[in-house]
Amino acid sequence: MTQQTSVQVRHNFETAHRLPELGGKCVNLHGHSWWLEATVTAVAGDPGEVVCEFGALKIALREWVDVHLDHGAMLGIADPLLPTLADAGRVFVFGKDEPAADLPWPTVEATAHLLTRVTTAIASDLDPRLTVTHVRVTETHVNAAEVHTT
Ligand SMILES: Nc1nc2c(c(=O)[nH]1)N=C([C@H](O)[C@H](O)COP(=O)(O)OP(=O)(O)OP(=O)(O)O)CN2
C-alpha cells in the first residue's frame, strides 16, 4: 500500500481584477480579498518524515504572491485598460507574464492555475520529490476554484 503525506499552507492577497470577456458586473475593475490554499505531498515518504518545512515554503510563496499580486491588479493582455494602468503600479498581465502567458484572463480558475504553477516551482526547488496535489483559490466568501493534480 502506498501512503502519501500532505501539508497545507495558506496565504491571502488583496488584488483587483477585471473580466471584460464575461460581461455583466465583472467588466468593472473590482477588488477581492483572495485566499490561496496549497497542498504539497510527499509520495511514499517515511510516516515520521517532515514533508517540507513550513517556513521555507511560506516564505517563498508569500514573497512571490506579495511581489507580483498583492495590492495590485490582474488584467488580461487584451484588456483595453492595460495601456492606462500598466505604468500606474503593480499589474500582473495574464496572457503575457510568466507563468500565466497561456492564460488570457484573470478568472479565479486561471488564478488557481497560475498559483499551482508558482507553488510547483517553489516546492520543486525545496525538494524535487514533492508534488503540489491541490490548490484552492478563493475570490469571495462563496466563489472559489480548485486545481487537482494526480
Ligand atoms: N467562472 C467564473 N465566473 C465568474 C468569475 C470567475 O473568475 N470565474 N468572476 C466573477 C467576478 O470576479 C465577480 O466579482 C464575482 O461574481 P459574482 O459571484 O457573480 O458576484 P458577487 O461576488 O457579488 O456574488 P453574490 O453571491 O451575488 O453576492 C464573476 N463570475
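The structure displayed is predicted, hence computed values, not measured ones. (Residues numbered from 1 in each chain as written. Predicted model: local features only at pLDDT ≥ 70, side-chain atom pairs only at ≥ 80, totals over all residues. Heavy atoms only, no water.)

**Q** So what's going on with the pattern of salt bridges? Which residues, and what values?
**A** A complete count under the given rule lists 6 salt bridges for this structure. Among the salt bridges present, the one from Asp102 reaches Arg117, with a minimum N-O distance of 2.7 Å. Of this pair, Asp102 sits in the loop between strand S4 (91–94) and helix H3 (108–126) while Arg117 sits in helix H3, and the two are 15 residues apart along the sequence. Since its relative accessible area comes to 31%, Arg117 is described here as partly exposed. Asp127 is the partner of Arg129 in a salt bridge, and the nearest nitrogen-oxygen pair spans 2.9 Å. (Salt bridge = Lys/Arg side-chain N within 4 Å of Asp/Glu carboxyl O. Helix = DSSP H or I, 4+ residues; strand = E, 2+ residues; numbered from the N terminus. Buried < 20%, exposed > 50% of the residue type's maximum accessible area, 1.4 Å probe, protein only.)

**Q** For the site of the ligand, give the residues involved together with the corresponding values.
**A** Taken together, 13 residues lie around the ligand, and His17, Cys26, Val108, Glu109 and Asn143 are the ones closest in. His30 is positioned with one of its side-chain polar atoms (N or O) 3.0 Å from an oxygen atom of the ligand. Contacts to the ligand include Glu109, whose side-chain N or O atom sits 2.7 Å from a nitrogen atom. Protein burial of the ligand: of its 620 Å² of free accessible surface, 56% is covered by the chains. Residue assignment for the shell around the ligand shows that the elements contributing at least two residues are strand S2 (30–43) and H3. Each residue belonging to the shell around the ligand can be placed in one class, and the counts come to 4 nonpolar, 6 polar and 3 charged. (Near = heavy atom within 4 Å. Polar contact = N/O pair within 3.5 Å; in protein donor to acceptor, adjacent residues only side chain to side chain. Areas by Shrake-Rupley, 256 points an atom, 1.4 Å probe, with all protein chains shown as cover. Nonpolar A, V, L, I, M, F, W, Y, C, P; charged D, E, K, R; others polar.)

**Q** Break down the side chain of His11 for me, with residues and values.
**A** Along the polypeptide, His11 turns up in strand S1 (residues 4–17). For His11, a relative accessible area of 10% corresponds to the buried category. Leave out the neighbours within four places in its chain, and His11 touches Trp34, Trp35, Leu36, Arg62, Val65 and Asp66. (Contact = heavy atoms within 4.5 Å.)

Such coordinate-based values are descriptive only and should not be taken to indicate function.
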